[in-house]
Every structure is written in C-alpha cells, then in structure tokens.
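Letter by letter, the chains look like this.
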Amino acid sequence: MILLSLPSSIPRGRDLSPGGGAQGRCIAIMIHPPDIIEIMRLLLFSDLHLDAPFRWAPAGAARDRRRKLRETLRRVADLAADLDVGALCCGGDLYEHDRFSSDTGELLRATFEDLYPLAVVISPGNHDWYGPSSLYRQVAWSPNVKVFSEDRLAPVSLAEGLTLWGAAHRAPATTRNFLEGFHPDREGVHLALFHGSELGGFAIEERGKISHAPFRAEEIPETGLHHALVGHFHAPFDGEWHTYPGNPDPLEFGEHGDRGAVLVTVSADGSVSRERHRVSSSLVSDVTVRVDGARYMDQVMDRVREALCSCEGFVRVTLTGEMDPGVDLRTEDMTRESVAEHLDGVVVRIGDIRLAYDVDALAREGTVRGLFVRKALAADLEEDRRRRVLVMGLRALDGREDLEVR
Amino acid sequence: MRVESVTAHAFGPILGQTLKLAPQMTVIAGGNESAKSSWHAAIYAGLCGRRRGKGAARSDERRFAELHRPWDGGHWRVSAVVLLDDGRRIELDQDLDGRSGCSARDLLLGARDVSGEIMNDGAPDASKWLGLDRRSFVATACVRQAQLLGVLEGAETLQSHLERAAATAGADSTATEALERLKKFRHDHVGRDDARSNGPVRRATRALDEARERLQMARDAHAGYLEACEEVERLREEAAAAEHRRDLLDVAVAAKRVEDLRGRCIRAAQLYEDSGGVAPASSAEVSLLSTQVAEALEAWKQCREPPASDGLPAAELETQIAMLPPMPDGPVSLGRDIEDSYERLCRCDQELAYHDANCSDPRPDSRPGTRGRLQPAGQQAQAPEIPTAAQGGKVAGRRAASVAVVGAFLVVSGLIAGIGASGSRIPGALLAVAGAVLIAAGGVGRFIRSRRPLGSTRAELSKLEALHAADQERRRLWQQRQAELLSARARAQLDLQQALVAAGAAVGEDVMIAFDEHRKACADRSSSVAEQARRRDVLEAQIVERRRFEKMCEEMAAARADALSRLLDAAEVCGVPAGSPEEALCALAAWKERCEIERDDLDRRRREWEELKMILDDKSIDVLADELASGEREVADRARELCLEPDDVYRLARSRAMVELAVSWRDSNETAREARGEADRAGGALESQRERLPAVADAEEAVELADEELKRLRDLDQELELTTELLVGAQAEVQRDIAPKVALTLKRWLPRVTAERYLDATVDPKTLKVSVYDRRSRWRSADQLSHGATEQVYLLLRVALSDCLVSKSESCPLLLDDVTVHADSRRTVEILEWLHELSAERQVVVFTQEEQVTSWAQRSLREPADALHELFTL
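Since the model is a prediction, treat every value here as computed from it, not as a measurement.

1. A word on the interface of chain B and chain A
Then step 1. Chain B puts 59 residues into the contact, and the matching count from chain A is 52 residues.
Then step 2. The contact between chain B and chain A buries some 4,800 Å² in all, and 58% of this surface belongs to carbon and sulfur atoms.
Then step 3. At the boundary of chain B and chain A, one finds 14 salt bridges.
Then step 4. Of the charged contacts in the structure, one is a salt bridge between R137 of chain A and E237 of chain B, with a shortest N-O distance of 2.5 Å.
Then step 5. Where chain B packs against chain A, one counts 17 residue pairs in polar contact (both at pLDDT 80 or more).
Then step 6. Counting residues per element, the ones that place at least two in the side of chain B that touches chain A are α6 (155-168), α7 (175-189), α8 (200-275), α21 (696-753) and α22 (787-805) of chain B.
Then step 7. The leading source of residues in the side of chain B that touches chain A is α21 of chain B, at 24 residues.

Below, the structure is given as structure tokens:
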C-alpha cells in the first residue's frame with residue numbers, strides 16, 4: 001500500500017482568497033485521530049461554471065466576473081499543487097457547454113497540464129455534459145487528466161486499495177441516479193465522484209434547482225461506497241456520506257457558507273475528513289444602505305460611499321429607509337467610479353424605500369392631491385407599484401419633471 | 001392653529017424683534033418702510049420655513065430670499081410659537097440659511113422634537129398640521145400684497161391660482177397641469193410602441209429584438225460550432241478507425257513476417273542440425289557417371305538384333321527386270337487423223353440415213369454404201385414407193401411402224417454398245433444413228449398413212465396433184481441434198497483410207513473393216529505395253545524396299561556393337577562384372593540404382609544446404625533468432641497499442657496470404673489517409689470557426705439588459721397610465737365636491753362683503769371659475785367685475801377654499817397683507833367686520849397701511865382676544 005505523507009511545508013487550511021496568501025487564515029482544520037492511517041488526500045471542487053452569464057451585472061462587470069472565475073480555476077490548481085494532493089477532483093459544471101468561449105478549452109488544458117503528474121479527475125455535470133461536441137472531447141488533455149465519459153460509475157484506481165468511481169452526464173437533463181444498482185466489484189476503499197442532486201433535507205436550500213441524477217444520501221453506504229464527492233448544489237454541505245464543495249467563486253448575490261475547494265483526506269478505513277479552503281478570486285457581498293432623512297441625491301451617494309469604503313470585491317447595494325420625496329434617486333448614477341472605485345463592481349438596487357411624504361396627512365386633504373392619495377392607497381396594487389404610482393402623482397402635482405420613480 | 005408670537009432673529013431689516021399676535025384678530029398697521037411686509041413674510045417663514053430639498057431654487061424662492069435675507073448679512077433665522085388646536089404648544093425654529101438644523105419642539109413635553117411630523121422639503125412646515133404645505137398655505141391663507149396686485153393683471157391668474165389650491169391646496173401645479181405633465185412625460189419617456197414611433201419604448205423594443213437576434217445568432221453560431229465539433233469528432237473517429245484498421249493490417253503484415261521468420265528459424269535450425277553445419281559434397285561426379293551408365297544401359301536397351309531376311313536380294317530383282325520382254329511394235333492408238341476421218345465418215349452416214357428417212361423420192365437410192373451400212377446383214381433396204389391412198393396408207397403405216405420399231409431397237413442397241421465398251425463406241429453410234437433414221441422413216445410412214453384417199457373427189461384429186469407437185473419439188477431437193485452428202489462421205493472415206501495406210505494398217509475394199517481391224521490391233525498393243533509397265537514397276541519397288549532393309553540391318557548391327565562396347569566400358573568403370581552383356585546389364589542396373597539413391601541424397605542435402613544458406617542470408621542462426629525475438633516483441637507491443645492480444649494479430653496474419661494482407665493494407669492505408677485528410681480539413685475549419693465564436697454569455701446579458709430596460713419602460717408606462725387614471729378620477733371627484741362648498745361659502749358672505757351688490761355666486765366645478773349674481777338678476781363672471789370687486793370675490797374664494805382644504809382638526813390662520821387697498825370705505829368696513837367675525841373661528845392677522853383700517857381696529861378690537869400693533873418707519 002502506498003501511504004502518502006503530508007509535506008511539512010504545506011500550510012493547512014490555507015486561504016487563497018484575495019489577501020489570503022500563504023499565511024492566510026485557516027477556514028477549518030480537521031485533526032486526524034492518531035490511529036487512523038490516511039491513504040490519500042484529494043482536493044475537491046465543482047460548479048465553477050466558467051463562461052456563465054451574470055445577468056445581474058452590467059456588461060463590463062459581467063465580463064470581469066467571468067475573468068474572476070478563470071482566476072479561481074488557477075487558484076484551485078495552485079492549491080492542489082501546494083497541498084501536494086493525490087488528485088484534483090472536479091464534480092462537474094466546470095464550464096457551460098452552451099456558452100463556452102473560444103479559449104476555454106485551452107485554458108483548461110493548460111491549467112491541468114501544469115499540474116502534471118498530479119492526477120486531475122473530472123465527472124462532467126449537466127452544464128458541461130459529455131458529448132461529441134463537448135470540450136472534453138475536443139481538448140487534447142495531458143496524460144494526468146482523466147475525464148469520466150460513461151453514464152455509469154467507472155473505476156479509477158488512485159492508490160492501492162483506493163478506488164474512485166466516477167460518471168458523466170451524457171445529456172443536459174434526464175440523467176438517472178448513478179447509485180442505482182451500483183456495487184463495487186473489488187475490495188478496498190471506494191469513493192464516488194459525480195454531479196447529482198441529493199434528495200434529502202439538504203435539497204431544501206437549493207429549492208428551484210432542477211433535479212439531475214437524483215440520489216439519497218443513505219444510498220451511498222448501501223451501495224458499498226464509503227463517501228461521495230458531489231457537485232451540483234452551490235451551497236456547501238458536509239454530510240455524513242457525501243460532500244458538496246459549493247461553487248468556489250460567487251455566481252449570485254446572497255451566497256453564504258464556506259464555499260470553495262475541499263481537501264478530503266481519505267483514511268484506510270474509508271472515513272474522510274474535510275478542510276474547506278476559500279479559493280474565490282473575488283468577493284461578492286450584499287450591503288444595505290439606509291437613506292433615512294436624505295433630502296437630495298448627494299446625501300444618498302455619500303451614505304453609499306461610506307458604507308462601501310470598507311468593502312471589497314463586487315457589492316450589491318440595497319437602499320432602504322425613509323427618504324425625502326424630493327430626492328431624485330437615480331441608481332444608474334451610482335456607478336463603481338462614482339461611489340467606490342476600489343471595488344470590482346457595484347450594483348445598486350432599490351429596497352424598502354419609503355419617501356417622506358406624510359401620506360396620512362395628504363390623504364386627509366380635501367384636494368385633488370388628497371383624493372389621489374386616498375385612491376392610490378385604496379387601489380389593488382403591489383406595494384412597490386403603489387409607492388411608485390403615489391410618488392409619481394405627487395411629483396406631477398408638485399410640478400416636478402422627474403416623474404419616474406425607481 | 002394660532003400663532004402666538006414670531007421672533008425675527010435676523011430677517012430683512014428686522015433684527016432680534018418679536019411680534020406677538022392676538023388669538024383672534026391682530027391688525028398690524030404701519031406706513032411705508034415700516035417692515036410691514038417683512039413681518040408678513042417673517043410670520044410665513046416662521047411657520048413654514050424654506051425648502052431645502054434638491055434642485056435649484058425656484059424664481060419665487062429666489063425672490064423671497066432676495067427680499068428677506070438679513071440686510072446686515074447675519075444668520076437668517078426666524079422662530080415662531082404656535083398653539084395647536086389639540087393643545088400642544090410648539091416652538092418652530094427656522095434656520096433659513098440652512099447652516100444649522102431647523103426644529104419643531106413641543107414646549108409642553110420638554111421641548112421634544114416633533115419635526116418629523118411636519119418635515120417638508122428639508123424643513124419643518126407647520127402648515128402641514130393644517131393639511132397644507134408652505135406653498136398651498138401661501139395660496140390660500142397667506143395672501144400677500146403682490147398677489148392682490150396680480151388681480152389687476154388679469155383675473156385668469158387668480159383663477160388658475162385657485163384651481164391649484166383646489167388641486168394641491170395652492171401648490172404650483174393644477175391637476176390639469178399635472179395630467180399634462182404626466183402625458184408629456186409619457187410621450188417623452190415612453191412613447192408609443194408601434195412601428196412608426198421612435199420613442200423610448202419603441203427603441204427599447206427594437207434594442208431588445210436586436211439583442212435577441214444577436215443572441216440567437218450567437219447561439220446559432222455556438223450550436224453550429226457544436227455540430228461542427230460533432231462532425232469533426234465523427235470524422236476523427238472514422239479516421240482513427242481507418243488508421244486502426246490500417247495499423248492492424250500493418251501489424252498483421254509484421255506478424256506474417258514474424259510467422260515467416262519463425263518458420264525460417266525452425267527450418268534453419270533443422271537444416272543446420274541435419275547438415276551438421278558442413279556443406280555436403282557435390283553430386284556432379286556421381287551424377288556424371290550415373291548418367292554415362294544410364295546412357296549405356298539405355299543404348300543397350302534400345303538397340304535390337306537385325307531382322308532375318310526372307311525375300312530376294314536386290315541384285316536378283318534387278319536381274320528380273322532386265323529379263324522383262326520388249327515392248328510391242330506399232331501404234332497403241334488410232335491417231336488423230338484416223339479418228340477425225342472416221343468421225344466425218346460416220347457423220348455423213350448419219351446425215352444420209354436421216355436424209356433417207358425423210359425421202360420423197362420413190363426410187364431406190366444409188367447409195368449402196370450407205371444403205372449397206374444401215375441395214376442389217378442379209379437385208380436390203382427397199383426404195384420407197386407411192387401406194388394407193390388406203391392401201392398405201394395402211395402398208396405405209398405398217399412399214400413405218402416396223403421401221404420405227406427396228407429403228408428404236410437399233411438406237412437402244414447402239415447406246416448399250418456405246419455404254420458397254422468404250423472400244424465399240426463407233427459401232428454403237430452407228431447402230432443408234434441407223435435406229436434414229438428408221439424411227440424417222442416410221443414417222444414419215446405414219447404421216448403418209450394419215451392422208452386421205454386420192455380418188456374420192458376431183459377436188460381431192462386436185463389437191464393430190466398439188467401435193468404431188470410439192471412432192472416432186474421436195475424429191476428434187478432431197479436428191480440434191482443426197483448428192484451433197486454422198487460427196488462428203490466419199491471424201492471422208494478417202495481420208496480414212498489414207499490415214500489407215502499411213503498408220504501401217506492393211507486397207508482392203510472395205511475401209512470400215514480395215515478401220516475395225518486397225519482399231520483392234522491398236523487395242524491389243526496398248527494392253528501389252530501396259531502389262532509390261534506394271535511388271536517393271538513392281539520389281540523396281542521391291543528393289544528399293546530391299547535396299548532399305550539391308551541398310552537398316554547394317555545400321556542396327558553397328559549400333560548394337562557400339563552399345564555393347566559402351567556397356568562393357570561402363571561395367572569396367574563401375575567395377576561391376578561384365579562376363580556377358582546380360583551380366584553387365586544386370587550389374588550396371590543394380591549399380592545405377594544404388595548410385596541414383598546416393599545422388600538423390602546428395603542432391604537433397606545440397607538443396608537443404610542451399611536452402612539453409614538462403615534462409616540465413618549470410619547471418620548466423622543466433623542472429624536470426626534474435627531477429628525473430630525482436631519481431632515478436634514488436635508485434636506484441638504494437639498489438640497492445642491497438643488494444644489487441646498478439647494471438648489475435650497472429651490469427652489474422654495466418655488467415656490471409658501476405659499478398660492479400662498487403663493489398664488490404666494498401667487499400668486501408670489509402671482509406672485512412674483520405675479519412676485523416678478529411679478530418680484534418682474539418683478540424684482546421686473548426687479551429688477557424690472557433691476563433692470566430694461569439695460570446696453567448698455577453699449576448700445573453702445584453703438581452704437581459706435590453707429586456708430589463710423594456711420592462712422598466714412598460715412598467716413606467718403602466719404606472720403613468722395608472723397615475724393618470726387615478727389623478728383624473730380624483731380631479732373630477734374633487735371638483736364635483738369643492739365647487740358646491742365653495743359656492744355655498746361665497747353665497748353666505750358675498751352680499752355682506754359687496755354691500756348687497758352681489759347676492760349669489762356659482763363656481764364651475766371644472767375650472768373653479770366664479771360667476772356672481774347681481775341685484776339686477778344677472779350672472780356675471782367675476783373676471784369682468786371691477787378690480788376691487790374681483791379682488792373681494794377672490795378673497796372670499798380663498799377663504800372658502802381654505803375652509804374646504806384645511807384639515808378639520810385645525811383652524812387655519814389668515815395672514816392678509818393690504819387686502820382692502822382697492823375697496824371703498826364702506827366695503828373696507830364690511831370686509832373688516834367680516835374678518836373680525838371670522839376671527840372667532842380662526843386667527844386673522846391683517847397688515848395695513850390704511851388709516852381707516854387702523855381707526856377701525858382701534859374702535860372694534862378688544863384685547864386680549866384682539867390686538868393692534870403699529871409699526872414705525874425704520
């Protein structure tokens with residue numbers, strides 16, 4: 001049996017996020033009990049979604065986000081090399097089949113070739129499904145790259161007594177449960193690497209996501225597998241029998257949890273321990289800015305600037321609070337250049353903005369305005385639309401030209 | 001709400017002064033330059049503050065600032081204390097410069113800040129407690145001198161101002177203007193969504209369509225690229241399959257060679273072992289001797305004993321030839337002259353016979369020769385006679401029949417004789433000619449017999465005479481011809497005679513007999529000569545055959561002797577006993593058999609040695625074995641490269657001949673080359689296509705942005721439409737509600753204020769246009785009254801509107817600056833009385849410069865409910 005020992009120079013739980021560096025902070029450290037012999041360490045990641053569209057971002061920012069995804073791939077590869085793992089495992093959705101750009105294949109090839117002889121094992125998912133036209137077929141991979149191409153679990157021996165079973169999505173949908181009817185045909189420790197939807201309680205978090213290659217966590221030990229390394233759900237999850245690393249670089253706002261690459265240490269008894277490493281090349285965060293009492297646009301922008309000065313990466317600003325109705329609020333004017341040049345990008349949206357109209361007082365007026373307010377309040381409208389209609393009418397009655405309300 | 005006091009910390013010319021106001025009516029009197037209007041403005045500012053919101057100051061705001069900023073440049077500030085109808089006492093502190101904060105504090109609750117209740121455009125606005133704001137307060141409750149003067153410029157201005165009050169309690173915009181603004185905004189910022197429009201929504205629609213089109217193109221290009229990828233993949237798979245097939249055949253060829261090499265190695269090892277590594281001796285010598293022996297044996301076997309002779313020797317046969325008899329003397333044939341003469345003679349006889357058969361002359365002919373030749377021996381031909389008609393006919397008929405029968409017999413006999421023997425052709429011919437003549441004669445007889453009897457009638461006699469004459473003529477001609485024929489026959493007979501004589505024949509009287517004898521003699525001689533010639537030929541043939549036989553015997557004897565000599569020589573060379581030819585023959589045969597076995601063995605070993613040399617090709621067996629091992633390794637390696645077992649490759653190699661494998665390899669190589677070329681070309685095109693691959697994600701995001709923009713515009717459109725709808729409804733409803741109320745208020749106060757000049761009033765609900773009813777029962781528009789009357793009507797209208805607009809929980813103070821300046825003394829008093837009465841419900845502050853008003857105040861006002869303040873010129 002080949003036993004891999006950890007090089008002493010490898011910092012555990014190294015944070016490769018921006019500013020992390022070699023001495024970066026540790027996200028999680030798992031200490032192995034001394035009586036368990038580890039047979040291999042693997043670095044798992046999935047759902048990078050290279051070339052994914054960012055519909056919520058302005059055009060330039062979207063392209064920047066895609067560049068960041070590529071940088072994250074580089075960070076994952078660097079982490080694998082630094083940790084001297086036995087293999088780098090990808091649980092699918094590495095890129096987007098329907099959108100890949102002209103140089104994505106070369107990027108992947110060169111990145112994984114640089115890791116030679118470190119093994120790179122990929123199980124294509126529903127977004128990078130394995131087909132005649134997929135990049136996996138077009139790219140001349142270096143010998144250290146193994147792409148699973150069958151829609152059933154196939155073995156790869158990573159070390160003596162350690163078999164990694166992988167499978168590929170062969171179509172963008174309707175992929176069946178890989179675990180159904182599966183049993184290892186040999187002795188040793190068995191891991192699985194695939195892209196699928198766990199149908200248990202964890203799925204609640206990813207509600208709305210289409211179920212691909214559905215399975216239940218309890219099927220993993222029933223089939224004889226010791227652990228499953230799985231992609232598809234973007235929220236990270238460390239289950240008893242399976243691990244979702246989560247998308248390593250933010251794709252949407254509001255993503256929480258320690259997403260990134262997972263260092264999986266496999267022991268001789270089949271147990272695994274996991275360390276999560278942040279590898280994102282940028283941060284995407286949500287910031288709420290209160291605009292209470294703001295009487296003009298500059299005041300709002302000052303508050304946004306103040307809120308963003310300590311942020312990094314890509315920030316979505318949500319404006320809330322009670323604001324003077326006279327404020328000509330124009331979110332399109334709040335660009336990265338105007339509010340936070342040090343950030344990668346800024347998206348400003350209107351949240352629960354209440355204009356400082358005394359609506360109750362206005363409604364008591366016996367004027368056209370008062371009656372208009374009463375009618376608007378009584379109309380069957382969504383609150384946000386009611387707000388806009390109300391403000392629009394009041395502005396028109398005030399003789400203002402800026403009638404549009406955001 | 002009532003204003004208790006106003007402190008102008010710094011306001012226009014006023015600095016640090018406080019003006020206390022009575023709870024009901026306060027008259028503030030002062031002349032020009034007494035800061036009367038400044039105080040009016042200070043009260044307004046103390047209550048409502050200044051707008052501090054976004055945007056540049058409006059013209060009226062700028063005008064207000066120009067008029068009322070502290071003249072000494074101090075901190076522009078004013079404060080006021082108001083008492084609300086709910087009992088709260090509020091101090092309003094208005095920082096009109098915006099340097100520090102404005103505030104509204106409840107003095108009864110520890111100066112708690114209540115600014116939030118009345119904040120308006122950045123400053124506390126106490127008019128909000130009235131349901132108004134600082135602008136609508138100015139429009140309704142705070143009547144400035146300038147506004148009254150504005151009436152002079154046109155009643156439309158005041159009417160519009162009142163309409164604004166109805167819409168927004170006096171703000172700048174009327175509902176109609178607001179609707180117009182909404183409409184314009186919708187036109188400018190949304191527009192129509194039809195093909196002819198170029199408004200924002202149409203542009204956004206087009207932009208979205210274009211973005212979608214670009215996205216579709218990008219997706220199509222991407223899908224096309226994916227399809228091309230699949231096609232290239234398929235071509236590459238085909239090329240790989242073809243190359244695999246070619247490589248398989250190539251390995252099979254190599255395996256075939258290895259198989260061949262393995263066979264050669266085995267064969268070489270076997271040959272080497274058989275030969276012991278030494279080249280075998282040559283079989284040439286043995287072969288040569290064996291060949292000699294074989295030739296000797298063959299020669300001996302081939303030669304035979306000469307045959308025994310059983311015929312006459314050639315010399316004796318030559319003797320017999322010499323003893324043959326001589327040839328007979330004389331001609332052996334008739335000769336040409338004799339035959340010609342004889343033929344002419346016979347022809348003449350035939351012609352004569354024919355001529356006789358057609359004879360008309362009854363006399364016997366004098367041609368004895370002819371007759372004699374024609375008649376059989378002992379019979380003489382009778383001369384023709386002329387019988388009677390009947391008898392003659394019958395006799396002639398019988399004779400003619402007899403003659404014809406005889407003639408026919410002769411013809412047959414002649415022909416038989418002519419056919420039967422060539423030697424008797426002439427007599428046969430003669431018999432045939434004679435027969436023919438007789439047949440002709442019989443025919444003539446029948447002709448004669450057929451004629452009718454002569455003496456029957458004279459006519460018949462005449463006819464007979466004619467016939468006789470004709471007969472005579474024919475007789476003459478017949479005789480003439482006969483003479484000619486006889487002459488020719490005589491010449492022919494003479495010629496024959498002379499020819500016979502010339503041939504040495506004995507010619508007697510009858511030349512025909514001589515001719516017959518001569519012809520027989522010739523025939524006899526001819527037969528003799530032929531017999532002798534046949535005899536000689538037989539003998540000569542026998543001689544030739546005998547000589548050949550004798551020569552053959554001699555040659556056979558010589559060959560046998562030579563064969564025996566060679567046989568004996570061979571026996572001697574071979575060392576076998578040769579006591580007799582037979583002994584030598586047997587011994588040599590046995591020797592030869594042994595020799596041939598030895599030679600065959602040598603030949604075999606020699607061939608094997610040559611084969612070994614050819615197999616080794618100047619190499620050693622070890623080298624060959626190394627080559628075999630190397631070849632086997634190569635085949636195994638290449639088979640594994642093709643994911644095959646070596647045995648499978650060898651099986652394929654064994655199943656085909658090398659030629660077949662080579663042909664298959666060439667075919668598959670061509671196929672593979674073409675397939676690879678096609679795949680490479682497609683791959684190149686794919687690479688080019690990949691470089692032009694559009695960014696689908698960019699296009700998707702562009703669509704998203706365009707879609708968002710269109711959605712924003714459509715939402716905006718819906719919101720504008722909804723706002724307009726609500727505003728139109730509110731406007732119509734308010735106008736319907738306000739107009740009667742305003743009219744009622746006007747109707748209550750109008751007669752008193754106008755000294756019973758006008759008794760009634762109506763208000764247009766849509767335009768708020770006022771019409772008054774005078775004592776002459778006429779309705780007149782308020783715009784058409786005198787300036788003073790118009791001002792009074794619209795003063796009432798303002799108060800009436802404020803009654804309608806102001807919140808019912810608070811009373812609205814009236815701040816009036818010189819509102820009676822255009823009223824006559826009677827109406828001034830009426831107005832002041834009316835205001836004083838009104839002050840019981842709401843606080844009234846009247847600024848005036850008129851002595852009459854001051855006098856009235858001094859008379860009518862009662863402290864502490866009322867107050868009169870006189871200002872002095874600054």
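Additional details are given in the paragraphs that follow.
2. Focus: the sheet that holds strand β16 (residues 866-871) of chain B
All names here are of chain B.
Then step 1. Within the open sheet, the five strands sit side by side as β10-β14-β15-β3-β16. Their pairing is parallel. In this open sheet, the two edge strands, each paired with only one partner strand, are β10 (142-143) and β16.
Then step 2. Of the strands in this sheet, β3 (25-30), β10, β14 (814-817), β15 (844-848) and β16 are in contact with helix α1 (residues 36-48), which crosses β14 at around 155°.

3. So, the packing of aromatic side chains
Then step 1. Tallied over the full model, the rule gives 22 aromatic pairs over all chains.
Then step 2. Consider the rings of F11 of chain B and W76 of chain B, whose centres lie 6.2 Å apart with planes at 40°: the pair is tilted. In this pair, F11 of chain B sits in strand β1 (residues 2-11) while W76 of chain B sits in the loop between α2 (59-68) and β4 (77-83), placing the two residues 65 residues apart along the sequence. In this pair, the class of F11 of chain B matches that of W76 of chain B, namely buried.
Then step 3. Between the NZ or CZ atom of R65 of chain A and the centre of the ring of F54 of chain A, over which it lies, the distance is 5.4 Å.
Then step 4. Residue placement shows R262 of chain B over the ring face of Y650 of chain B; its charged tip is 5.3 Å from the ring centre.

4. Some remarks on helix α9 (residues 284-302) of chain B
Residues and elements named next belong to chain B.
Then step 1. Taking 1.5 Å as the rise per residue, α9 with 19 residues should run 27 Å; its terminal C-alpha atoms sit 26 Å apart, in good agreement.
Then step 2. Turning to α9, its buried residues number three or more, namely V286, S290, V293, A296, L297, A299 and W300.
Then step 3. Residues of α9 that are buried in the fold lie against α16 (511-574) and α17 (581-616).

5. A word on the confidence of the model for chain B
Residue and element names in this part refer to chain B.
Then step 1. For chain B, per-residue confidence averages 81 on the pLDDT scale, and 84% of positions sit at 70 or higher.
Then step 2. Across chain B, β4 holds the top mean pLDDT of 94, while helix α12 (residues 368-374) sits lowest at 42.
Then step 3. Counted against residues more than four places away or in other chains, residues 418-425, with its pLDDT under 50, gives five contacts.

6. Focus on the sheet that holds strand β10 (residues 227-231) of chain A
In any sheet, the strands associate via hydrogen bonds between backbone groups, in a parallel or an antiparallel arrangement.
Residues and elements named next belong to chain A.
Then step 1. Spatially, the six strands line up as an open sheet ordered β5-β6-β7-β10-β12-β11, and their pairing is mixed. Bordering the open sheet on either side are β5 (154-159) and β11 (237-238), each of which pairs with just one other strand.
Then step 2. Relative to β10, strand β7 (residues 189-195) is paired through five bridges, and the arrangement is parallel. Residue pairing across strands places H195 opposite G231, the latter belonging to β10.

7. A word on unusual backbone geometry
Then step 1. Residue P117 of chain A is bonded to the preceding Y116 of chain A through a cis peptide linkage, with omega at 10°.
Then step 2. Even without being a glycine, H232 of chain A presents a positive backbone phi close to 130°.
Then step 3. Note that H232 of chain A resides in the loop between β10 and β11.
Then step 4. Residue class for H232 of chain A comes out buried when judged on its relative accessible area of 2%.
Then step 5. Even without a glycine there, the phi angle at A35 of chain B is positive, about 70°.
Then step 6. Here A35 of chain B lies in the loop between β3 and α1.

8. What about the nonpolar core?
Then step 1. Grouped together as the largest cluster of nonpolar side chains are 158 residues, with contacts concentrated most on L308 and L319 of chain A together with L47 and F137 of chain B.
Then step 2. Looking at which element gives the most residues to this core, the answer is α21 of chain B, with 21 residues.

9. Brief notes about the confidence of the model for chain A
Then step 1. In this model, chain A carries an average pLDDT of 84, and 88% of its residues clear a pLDDT of 70 or more.
Then step 2. Within the model, the stretch residues 1-34 of chain A combines pLDDT values under 50 with 69 contacts to residues more than four positions away or in other chains.

Quick notes on the rules
- Residues numbered from 1 in each chain as written.
- Chains lettered and ligands numbered in written order.
- Predicted model: local features only at pLDDT ≥ 70, side-chain atom pairs only at ≥ 80, totals over all residues.
- Heavy atoms only, no water.
- Contact = heavy atoms within 4.5 Å.
- Buried area = accessible area lost by both parts, 1.4 Å probe.
- Salt bridge = Lys/Arg side-chain N within 4 Å of Asp/Glu carboxyl O.
- Polar contact = N/O pair within 3.5 Å; in protein donor to acceptor, adjacent residues only side chain to side chain.
- Helix = DSSP H or I, 4+ residues; strand = E, 2+ residues; numbered from the N terminus.
- Pairing = 2+ DSSP bridges.
- Axes fitted to C-alpha atoms, helices over the stretch in contact; angles between N-to-C directions.
- Phe/Tyr/Trp six-rings, centres within 6.5 Å; stacked < 30°, edge-to-face > 60°.
- Buried < 20%, exposed > 50% of the residue type's maximum accessible area, 1.4 Å probe, protein only.
- Lys NZ or Arg CZ within 6 Å of the ring centre and 35° of its normal.
- Expected span 1.5 Å × (residues − 1).
- pLDDT = per-residue confidence, 0-100.
- Core = buried A, V, L, I, M, F, W, Y, C linked by side-chain atoms within 4.5 Å.

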